[in-house]
4 protein chains.
Amino acid sequence: MPIRAVVWGENVHEQTNETVAGIYPRGIHGTIAAALNQDSSISAKTATLQQPEHGLPEARLAETDVLLWWGHAAHGEVADAVVERVAEHVWSGMGLIVLHSGHFSKIFKRLMGTPCSLTWREAGERERLWVTTPGHKIADGLPAYFELEHEEMYGEPFHVPEPLETVFIGWFQGGEVFRAGLTYRRGAGKIFYFQPGHETYPTYHDHNIQRVLQNAVKWAHNPAARLSNVTDAPNRPTHEALETLEERGPKLHKPGEGGFR
Amino acid sequence: MPIRAVVWGENVHEQTNETVAGIYPRGIHGTIAAALNQDSSISAKTATLQQPEHGLPEARLAETDVLLWWGHAAHGEVADAVVERVAEHVWSGMGLIVLHSGHFSKIFKRLMGTPCSLTWREAGERERLWVTTPGHKIADGLPAYFELEHEEMYGEPFHVPEPLETVFIGWFQGGEVFRAGLTYRRGAGKIFYFQPGHETYPTYHDHNIQRVLQNAVKWAHNPAARLSNVTDAPNRPTHEALETLEERGPKLHKPGEGGFR
Amino acid sequence: MPIRAVVWGENVHEQTNETVAGIYPRGIHGTIAAALNQDSSISAKTATLQQPEHGLPEARLAETDVLLWWGHAAHGEVADAVVERVAEHVWSGMGLIVLHSGHFSKIFKRLMGTPCSLTWREAGERERLWVTTPGHKIADGLPAYFELEHEEMYGEPFHVPEPLETVFIGWFQGGEVFRAGLTYRRGAGKIFYFQPGHETYPTYHDHNIQRVLQNAVKWAHNPAARLSNVTDAPNRPTHEALETLEERGPKLHKPGEGGFR
Amino acid sequence: MPIRAVVWGENVHEQTNETVAGIYPRGIHGTIAAALNQDSSISAKTATLQQPEHGLPEARLAETDVLLWWGHAAHGEVADAVVERVAEHVWSGMGLIVLHSGHFSKIFKRLMGTPCSLTWREAGERERLWVTTPGHKIADGLPAYFELEHEEMYGEPFHVPEPLETVFIGWFQGGEVFRAGLTYRRGAGKIFYFQPGHETYPTYHDHNIQRVLQNAVKWAHNPAARLSNVTDAPNRPTHEALETLEERGPKLHKPGEGGFR
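Procedures and definitions
- Residues numbered from 1 in each chain as written.
- Chains lettered and ligands numbered in written order.
- Predicted model: local features only at pLDDT ≥ 70, side-chain atom pairs only at ≥ 80, totals over all residues.
- Helix = DSSP H or I, 4+ residues; strand = E, 2+ residues; numbered from the N terminus.
- Buried ≥ 20, exposed ≤ 12 C-beta atoms within 10 Å, placed from the backbone.
- Least-squares fit on C-alpha atoms with pLDDT ≥ 70 in both.
- Contact = placed C-beta atoms within 7 Å.
- Expected span 1.5 Å × (residues − 1).
- Pairing = 2+ DSSP bridges.
- Axes fitted to C-alpha atoms, helices over the stretch in contact; angles between N-to-C directions.
- Nonpolar A, V, L, I, M, F, W, Y, C, P; charged D, E, K, R; others polar.
- Parallel < 35°, antiparallel > 145°, perpendicular 65-115°, else oblique.

Q: An account of the overall build of chain A is needed here, citing residue identities and associated values.
A: Each helix and strand in chain A was counted, giving seven helices and nine strands. Its C-alpha atoms put chain A at 70 × 40 × 35 Å along the principal axes. Every one of the 261 residues in chain A was classed for burial, and the buried ones make up 62%.

Q: Describe in detail the relation of the copies chain B and chain A, supporting the description with residues and values.
A: Rotating chain B by 180° and translating it 0.0 Å along the rotation axis places it on chain A, where the RMSD comes to 0.0 Å. What the superposition gives is, in effect, a two-fold axis relating one chain to the other. Relative to the rotation axis, the C-alpha of Gly 113 of chain B is the closest in chain B, positioned 2.5 Å from it. Interface overlap between copies is the fraction of interface residues in one copy that are interface residues in the other; for chain B against chain A it reaches 100%, indicating a shared surface.

Q: Can you break down helix α7 (residues 207-220) of chain A residue by residue, with the values?
A: All names here are of chain A. Over its 14 residues, α7 extends 20 Å from the first C-alpha to the last, a length consistent with the 20 Å expected when each residue adds 1.5 Å. Residues of α7 that are buried include every one of Ile 209, Val 212, Leu 213, Gln 214, Asn 215, Ala 216, Val 217, Trp 219 and Ala 220, and no others. Where α7 is buried, its residues meet β1 (3-9), α3 (27-37), β2 (42-48), β3 (66-70), β4 (95-99) and β9 (189-194).

Q: Please provide a residue-by-residue account of the sheet that holds strand β8 (residues 177-186) of chain A, values included.
A: Residue and element names in this part refer to chain A. Taking strand neighbours across the sheet as the criterion, the nine strands line up as β2-β1-β3-β4-β9-β8-β7-β5-β6 in an open arrangement whose pairing is mixed. One side of each edge strand has no neighbouring strand; the edge strands of this open sheet are β2 and β6 (145-155). Direction aside, the axes of adjacent strands within the sheet are offset by 25° on average. Each of β1, β2 and β3 touches α3; the most contacted strand, β2, lies at about 170° to it.

Q: Explain the sheet that holds strand β6 (residues 145-155) of chain B to me, using residue names and the numbers behind them.
A: Residues and elements named next belong to chain B. The nine strands are arranged β2-β1-β3-β4-β9-β8-β7-β5-β6 in an open sheet whose pairing can be described as mixed. Among the strands making up the open sheet, the edge pair consists of β2 (42-48) and β6. On average, each strand axis in the sheet is tilted by 25° relative to the strand beside it, whichever way the strands run. Alignment of strand β1 (residues 3-9) against β2, held across seven bridges, turns out to be parallel. Across the sheet, Val 6 pairs through a bridge with Lys 45, a residue of β2. The strands that helix α5 (residues 80-92) touches are β3 (66-70), β4 (95-99), β8 (177-186) and β9 (189-194); relative to β9, the one it contacts most, it runs at about 115°.

Q: Help me get a handle on the interface of chain A and chain C, residues and values and all.
A: With 12 residues of chain A in contact, the opposing surface of chain C contributes 12 residues. When the residues that make up the side of chain A that touches chain C are grouped by side-chain class, the tally is six nonpolar, four polar and two charged.

Q: Please set out the interface of chain B and chain A residue by residue, giving values where relevant.
A: Chain B puts 62 residues into the contact, and the matching count from chain A is 62 residues. Among the elements of the structure, α6 (106-112), β5 (119-131), β6 and β8 of chain B are those that each provide at least two residues to the side of chain B that touches chain A. Top contributing element to the side of chain B that touches chain A by residue count: β5 of chain B, with seven residues. Here the side of chain B that touches chain A is composed, by residue class, of 23 nonpolar, 24 polar and 15 charged.

Q: Just give me the short version of the packing of α3 of chain A against α7 of chain A, but keep the residues and values in it.
A: Residue and element names in this part refer to chain A. It is at 9 Å that the axes of α3 and α7 come closest, and there the two elements cross at 70°. Classified by the angle their axes make, α3 and α7 are roughly perpendicular. Of the residues in α7, those touching α3 at Ile 32, Ala 35 and Leu 36 are Gln 210, Leu 213, Gln 214 and Val 217. Tallied by class, the residues present in the contact of α3 with α7 amount to five nonpolar, two polar and no charged.

Q: Mind laying out the relation of the copies chain A and chain C, listing which residues take part and the relevant values?
A: Structural alignment of chain A on chain C gives an RMSD of 0.0 Å, achieved by rotating through 180° and translating 0.0 Å along the axis. The residues that chain A uses at the interface reappear at the interface of chain C in 100% of cases, marking a shared surface.

Q: How would you sum up the environment of Lys 190 of chain C? Please name residues and give values.
A: Residues and elements named next belong to chain C. By the element assignment, Lys 190 lies in strand β9 (residues 189-194). Owing to 24 C-beta atoms within 10 Å, Lys 190 belongs among the buried residues under this scheme. Linking Lys 190 and Ile 97, residues 93 residues apart in sequence, is a C-alpha distance of 8.5 Å. The residues touching Lys 190, leaving out its near neighbours within four places in the chain, are Gly 95, Thr 183, Arg 185, Trp 219, Ala 220 and Asn 222.

Q: Provide a residue-level description of unusual backbone geometry, including the pertinent values.
A: Backbone torsion omega between Glu 156 of chain A and Pro 157 of chain A reads 5°, so that peptide bond is classified as cis. Its identity as a non-glycine residue notwithstanding, His 100 of chain B has a phi of 45°, on the positive side. On the secondary structure map, His 100 of chain B appears in the loop between β4 and α6.

Q: Give a description of the pairing of β1 of chain B that names residues and reports values.
A: All names here are of chain B. Counted residue by residue, β1 has six buried out of seven residues, so it is predominantly covered. The sheet contact formed by β1 and β3 spans five bridges and is parallel. Bridging across to β3, Trp 8 finds its partner in Trp 69.

Q: How would you explain the pairing of strand β7 (residues 165-172) of chain D if you had to name every residue and give the values?
A: All names here are of chain D. When you tally the buried positions in β7, you get seven out of eight residues, the bulk of the element. In this sheet, β7 lies alongside strand β5 (residues 119-131) in antiparallel orientation, the contact comprising five bridges. Directly across from Trp 130, in β7, lies its bridge partner Ile 169. Pairing between β7 and strand β8 (residues 177-186): five bridges, direction antiparallel. Bridge assignment links Glu 165 to a residue of β8, and that residue is Thr 183. Hairpin connection of β7 to β8: four residues between the antiparallel strands, including Gly 175 at a positive phi of 115°.

See below:
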């Protein structure tokens, strides 16, 4: 069975900006999904902000192996309940790939616990992405570096936690650097942040970018059954202790009582 | 100048439970602060839930080098605005030490981005804490292991992100293990989670525990000036680029316009 | 094509100790290989110390996806040239799983850069292994914990670098804890250390242990082509620079000259 | 008492190359030591390859808090016994700062367990170092970035283990990037690798570079007593077990027997 990917698109610029609509007539999400579907091991569909529950009801997330997230102008319109639902699925094992301006999305900030801020410049400058972890699954089939003739500059410091792995670092023509590809784990969920993807440039039509996204979906896919009850703190009563145990000392909780939260 | 520590105590059990009041007549926070003050390089005071703004107004946090956090029964009563304020100070450089049941505090979950759940048992069993990173500043002066004759069992899995360092692991009489001392960095702020400290046992009167807390305050202290504006994403306009740069390609933003959030 | 695993066994105790020979008549390596072969996605063979080049000539390593290593009494007899050869294959992408007393093998110490020391006791005590990263590929299909009625105690501190991930922690009846399952990356090679496996107990006949090893082989397998020349430091001459560049300043090296090593 | 730093210099180019001798008449090591001594909390001296035991006999290392290492042309002339001695001191708590071409030194490769290879170009190009972890002790007092008008290009991939923290990333005029400042821990010893410092440029006369080195010495300093016997694997006999324990099962070792290595 192919990996079930859902590409979530904010779908705002595509409807309001002629330049973006011209580059991405199917939407950014549609272009990314089509690129993923070129890999026979992936089956990608889309969801957008404007759909009921932003296209991400519980039943759909339960059938999603990897979620990709592109947002920019409307982060604040994403319902907190959906953000929390997505977070729980990530903790339980769903993969998550956060793209470009998604660094400021509610879901990314929620999972990182940091501001996720950076510096930026929209000058259409050249970016060169260097592979810093050759042999990583996300870099599979890529050359030592590749270039995007036009990208938005994202510059350090990038206020995220120290990653598990730094897979790409970007060089910008104007003089900045950026950790362009970072991996994290949150619970059973694998997370990849990938910096390129400004909406006024044809980044998601680029072959190398598409390869990174295909690789990242395969890397982030956790084939194990989704964990259940990751937010619970179960009591292990004394009579069920794994070693012989006699209760001692004063107690706060009565038998069978739940813990505080 | 000594390190300015503030010990935040929920101060609920001490007022409502005779056992806890008997062990901690000055409050858990008061006992911890007194222990810290035995180290001349630390000047510790307290703050509690019941005070205005929970004792943590902006002006006070600005003068706090390291905040310690003990809470249990009333996590939900902590105002979100105070949580966010504390988070911003951590990102900017304030140290944070989260104690025991604080694993479920709003501030710890906010900074970790995970459920921070675990298993537990209140049986007064023996815990033995092993130093897994000898020579770490937080383990300074401690033996290879030390014991608490009565502790609440906290068991794995502990749903937190992979730490920077695992400093202690706890062995429990009933058969569980727990990563009892973990370090993190969030922005310029250093964070230490330390598991012992159940309110019905005299844990914070233990000499080794007190030593860990003194060490942790010194480790978490960042003497650099607090960072400013860590949540901002400043634009670096083309005419200020560090290398000669000519704008190219289509643009979304007009000159001088702020970015989306 | 199945994953090509090679189980390297020192094969000394099996020949000299009746107890070990009785438990592992096919050798420890033979038992492990048979267990791996029960998973149709793995094709496992063996190699031993006594074979020419310890059974690990260059041509064989080039066809090995994942190498498992069990050694104890004869670490010092392993030729340094073979150790270096294995290290280069790991850096280039071969997976490596180091078992039990292999913590003191030349190859593990070579790749860790630390003493890899620990404390130990051979008392046939009970060990309980806790999964600390549920949902990790190496823990797939395992319960929250599992027990070995008899294991050698390995205790902290374990002098290894901070791992990428802590997958298992062991609880010992005699009072110790140990980080029993740790992941690392060295170059393109993924490394897993797994503590159980004392030769006088039937550990490798245990179903859960066998599951861990099957999982670990799949986790450590890097399907990408082996990297070439990972130890080279290639010169990128000025006339081949990716951006227009004019040489400036004094030079140490003449054109075309190799770097120092 | 000030931190006792020793700056180890290979001292070859300074004796054989007029350019280098002109920039560093006191030797690279002498210039660095003088810069460190401008900070009153540091007392720095030097050692060189040509001295007996390369200036690093056991007694001297025992009195060294932080060792800095600059080498390039003569890595192979450093005696293996001295390398191993330095490694043991690092594991026991001595700080180590590896500079520039020291990436290929025996001691750095020994402690990393990887090839430590990279790409390079000697073109006198501009490097801009970005602080990626603002608020880190090593970046204290530095601006968001600083420039070196002439540096040797070091490019990714840098074949080192994933660091604890990435403190600096370098941007090069010719189009490359490099993780220029990385932290590690090996045992009780803290390690910092810092990329700038090509011998034909006046890098170590630069004020920002000097500040980084002063900061790094203070960061790497471990004031705790040096650990003893980090390479030992002590037996914990059954009769000394921390919990009541009865020996069971077959044994390989006789009572009191040492373990294999």
